[in-house]
Structure formats: structure tokens, C-alpha cells
Amino acid sequence: MTFRWKLFLSYALLSLMMAGALYFQTNRLLEGRLVDESRNHLLNEARLARMTYQHLHIGQHPQRIAEQLGSATRSRVTLIAPDGRVLGDSDVRDDQVASLENHRNRPEVQEALASGSGSTLRYSETLRATMLYVAVASSAADGVVLRLALPLEYLDSAKRSLNTLLGGAGAALLVLALIFSAALSNLTARPLRAIAEAAARFGAGERGVRMPAQGSDEIGYLGKVLNEMAERIEGQVQTLAGEQRRLDTILRGMGEGVMVLDSQGVITLVNPAFRRQFGLSGQVEGRPLAEVCRHPDLLEALEEHQQSGAEVVREVHLQLPELVLSTHWVPLGDQQGSVAVFHDISDLKRIEAVRRDFVANASHELRTPVAVIKGYAETLLDGGLQDAGRSHQF
């Protein structure tokens, strides 16, 4: 998943959470406002019903008054005596009124008796529905409490309309938020993509590549830092390239053969002199020494060096071409491999052989005269000096 999509999804998730929180909070507040408005409206109707009751309670049965007030207010009207007995109920038949339980302990009734009016929202066991109750105390001599009740189901249509309105508005806002999130994520990810593309080109070896570094934000600062790093890396690469060229020139100009091996005995570097000494052609770097050259002296020197880990000096005798090489093996640090230098000592060996032959020949040529002189000397010492004629001859 790209950074742009991650950024977009984070924006979208945040927008969805905010839209959901706003929807539920607004729905709760508006639902509470509807209940408050219904309570105030029902309380006003209860006060009007109280005024009507004060004119009707003389000479009429409480049940008839309750039915008339219920029909007028389109709500359930209950007339309750100060001791809690139900005198009349618009939603109950005449023969059932006496069987209704005492209402004195109802919260709205107690509040009305104490302060003149009261309201509550609770579940009605009689009607099996959640009801909004509003009660007001009558100022008549009988002290009757008028209670109006309204089922909250009438608010369902209003709630559905409200939910539809809020849902549509929330969906529209969510779509706008998603569009804005897509645009913002694209705007934020664009310079990062440009930096990534430039970094990829620089990593592939393209020189002179620079990252876009517009702006003073974190992305701009990142581009500036990467550009500075690219400049330092290019400078170091140029330095290393110069050193590599000088090393290649030195190796090409050396008369001694040079070979570099890794810790596994694989050739990593040879110079032209080494190729000439061993008559090699083609690619030898990256191949094991035992595969490139099977000369026993050379392989024995490598094995001895690898086993001991110390410097090794040995002579290698080659048949074709006829050469005598003095090889010096030196380990690289931290077991990274070895360096072997091959000195051509064929001329020294030939000169040494000539010297030995000369000494042998000279000794042979000088051996006969010396023996004759020794014999003459011994003859003279043995008495030849007394013979005048013979001593002059010797």
C-alpha cells in the first residue's frame, strides 16, 4: 500500500469518525429538544385543561370530564384525588377506573402536589408504552391533580424525518470530506513521490540528480537534507573513482603479479602481470583459484596460508612459460581474504646457476696445475735439492 493510500485512508477514517460522532451527538441533542418541546407543549395543555376543569367539575362526573379533556387535548387525561385515587381516565372504561392502582407515589403527582406541576418520562405498565407525563394541581376546593400523558411513539415520524435529514447531511459531508481527503493526500504525497523517484534515479547511478526541495515544511527540509547527502556522496564517489584509477594504473604498471582472494579462495582482483606469468586470458575475477590455475605449488601455498593465517613465502616453478616465481602471501584484516604478490626470480636463478657453473669449471681448471706444483714441491723437499741438475729442472 502506497503512502498516498495510507494517508487517504487515515483522513477517511478520521472523517468517518467525526461524521459518526457528529451524527449521534446531533441526533441525541435534537431528540432531547423534541422531548423538551413536547413536555412544554403538554404542560401548556395541562394548564388549559386545569382552567377548563375548574368550570366543569361542578355537577359532572370526573370520568366524563376526563373523556372530554382527553378528546380536546388528544392525550390521555387522568384525574387524581389528593390521596392518589384515580377519579377518571380518558383511556380507561368506567368500570375499570376503580380497579386502577393508587397514583399518589407517581413522581409527577408528588411533584405536582408539592410545587403545583411536575413531569416525568417513564414506561407505563397499563398501556405498555413509554409515556411523557405532565401533572398540574387544580386550584379547586377538591384539590384534584390533572395529569396528561402522551406516548412517545408520536415522535417516531419526527425522529425518522430527523434521522433522514441528518443522515443525508452526514453522507454529503462525508463525501465532501473524502474528496477533500483524496485531494489533500495527493497534494501531500506528490512531493514525496518526486523525492522517491529522484532518490531511485540517484541510487541507480545517475549523476547530478537533485530532489525537489520547495517550501519550508518538513518535506522541503527532507529534500534539502537529501540533496546535501547526494552532494557528499558524489564527492566521495569521485574521490574513490580517482583512487581506483590510480590503483589500476599502479597495478598495470607493476612488474610483479598481484592477486587478491576473498576468505573462500575466490579471486577478486588480478593485474596484467599475473595474467602474463600464468598465461591466463578471459574472466578470472569471481572464480575460485583452484578452477583458474591447478598448479600444485600455488595451491599448496594457498592451503598453507589459509591454515596458518600468517604470511607465507614460497617458490613456484612454472613449466610453460619456464618461470620461477617467489610468492608472498599476506592476510587481509578481519579474515577478509588474502593478497599474493608474485616476483619473477627466473633471471636470478639463471645467474645463480651460471655462478655455480663458473665456480665448478674454475675449480676444475685450477686443480691440475696446483697438483703439479705440489708434486714438484714434495720432490724438492724429499732430497731433490741436493741434486743440482735435477733441482734446477724442478
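Computed from a predicted structure; not experimentally measured.

Novice: What is the right way to look at the overall build of the protein in this model?
Specialist: Tallying secondary structure elements over the protein gives 11 helices and 10 strands in all. Taking all 394 residues of the protein together, the buried fraction comes to 31%. Long-range pairs, those at least 24 residues apart, make up 42% of the contacts in the protein with a sequence separation of at least 6. Just so you have it, the protein exposes about 24,700 Å², and 58% of that area is on carbon and sulfur atoms.

Novice: Would you explain helix H4 (residues 107–115) in this entry?
Specialist: For the α-helix, the turn length of 3.6 residues means that residues three or four positions removed from each other point alike. Looking at H4, one finds that the buried residues are Glu-108, Val-109 and Ala-112. The arc that holds every buried residue of H4, seen down its axis, measures 100°, which confines them to one face. For H4, the exposed residues set more than 90 degrees away from the buried face come down to Ala-114 and Ser-115. In the segment just after H4, Gly-116 is the residue with positive phi, at about 105°.

Novice: In this structure, what is going on with the sheet that holds strand S5 (residues 145–151)? I would like to understand it.
Specialist: Strand order in the open sheet formed by 5 strands is S2-S1-S5-S4-S3, and the pairing between neighbours is antiparallel. Only two strands of the sheet have a single neighbouring strand rather than two, namely strand S2 (86–89) and strand S3 (117–124). Here the strands of the sheet are splayed against their neighbours by 20° on average, with no regard to which way each runs. Sitting on the sheet, H4 is in contact with strand S1 (76–80), S3, strand S4 (129–137) and S5, with an inclination near 175° to S3.

Novice: Is there a simple way to think about the packing of aromatic side chains in this case?
Specialist: Two aromatic rings, taken as a pair, are described by how far apart their centres are and by the angle between their planes. A complete count under the given rule lists 4 aromatic pairs for this structure. When the centroid spacing of 4.7 Å and the interplanar angle of 40° are considered together, the rings of Phe-274 and Phe-278 count as tilted. Of the two residues, Phe-274 and Phe-278 are both situated in helix H7 (residues 272–278); the distance of 4 residues between them amounts to about one turn of the helix. On the accessibility criterion, Phe-274 (1% relative accessible area) is buried. On the basis of an interplanar angle of 75° and a centroid distance of 6.3 Å, the ring pair of Trp-329 and Phe-342 is categorised as edge-to-face. With a gap of 13 residues between them, Trp-329 in strand S9 (residues 323–331) and Phe-342 in strand S10 (residues 337–344) connect regions that are remote in the sequence.

Novice: What am I meant to see in the nonpolar core here?
Specialist: Buried together is how nonpolar side chains tend to be arranged in soluble globular proteins. With 22 residues, the main nonpolar core has Met-259, Phe-278, Leu-289, Trp-329 and Phe-342 as its most contacted residues. Among the elements of the structure, strand S6 (257–262), strand S7 (267–270), H7, helix H8 (289–292), helix H9 (296–308), strand S8 (312–318), S9 and S10 are those that each provide at least two residues to this core. Among residues more than four places away in sequence, those in contact with Phe-278 are Cys-293, Leu-298, Leu-318, Leu-325 and Phe-342. Core analysis: the next-biggest nonpolar cluster, separate from the first, contains 18 residues, Ile-65, Val-77, Val-136 and Leu-146 among them.

Novice: Honestly, the pattern of salt bridges in this entry has me stumped. Any pointers?
Specialist: Proximity of charged atoms lets side chains of opposite charge pair with each other. According to the stated counting rule, one finds 17 salt bridges in the structure shown. With a shortest N-O distance of 3.4 Å, Arg-93 and Asp-95 are connected by a salt bridge. The class for Asp-95 is exposed, based on a relative accessible area of 59%.

Novice: Explain the side chain of Asp-89 to me, please; I cannot follow it from the model alone.
Specialist: Its place among the elements puts Asp-89 in strand S2. Given a relative accessible area of 0%, Asp-89 falls into the buried group. Here the side chain of Asp-89 touches Arg-76 through a polar contact of 2.7 Å, side chain to side chain. At 3.0 Å, the side chain of Asp-89 and the side chain of Thr-78 are in polar contact. Excluding its chain neighbours within four sequence positions, the residues that come into contact with Asp-89 are Gln-63, Ala-66, Arg-76, Val-77, Thr-78, Val-97 and Leu-100.

Calculation rules
- Residues numbered from 1 in each chain as written.
- Predicted model: local features only at pLDDT ≥ 70, side-chain atom pairs only at ≥ 80, totals over all residues.
- Heavy atoms only, no water.
- Helix = DSSP H or I, 4+ residues; strand = E, 2+ residues; numbered from the N terminus.
- Buried < 20%, exposed > 50% of the residue type's maximum accessible area, 1.4 Å probe, protein only.
- Contact = heavy atoms within 4.5 Å.
- Areas by Shrake-Rupley, 256 points an atom, 1.4 Å probe, with all protein chains shown as cover.
- Arc of directions from axis to C-beta.
- Pairing = 2+ DSSP bridges.
- Axes fitted to C-alpha atoms, helices over the stretch in contact; angles between N-to-C directions.
- Phe/Tyr/Trp six-rings, centres within 6.5 Å; stacked < 30°, edge-to-face > 60°.
- Core = buried A, V, L, I, M, F, W, Y, C linked by side-chain atoms within 4.5 Å.
- Salt bridge = Lys/Arg side-chain N within 4 Å of Asp/Glu carboxyl O.
- Polar contact = N/O pair within 3.5 Å; in protein donor to acceptor, adjacent residues only side chain to side chain.

Everything listed is a geometric property; what it means functionally is a separate question.
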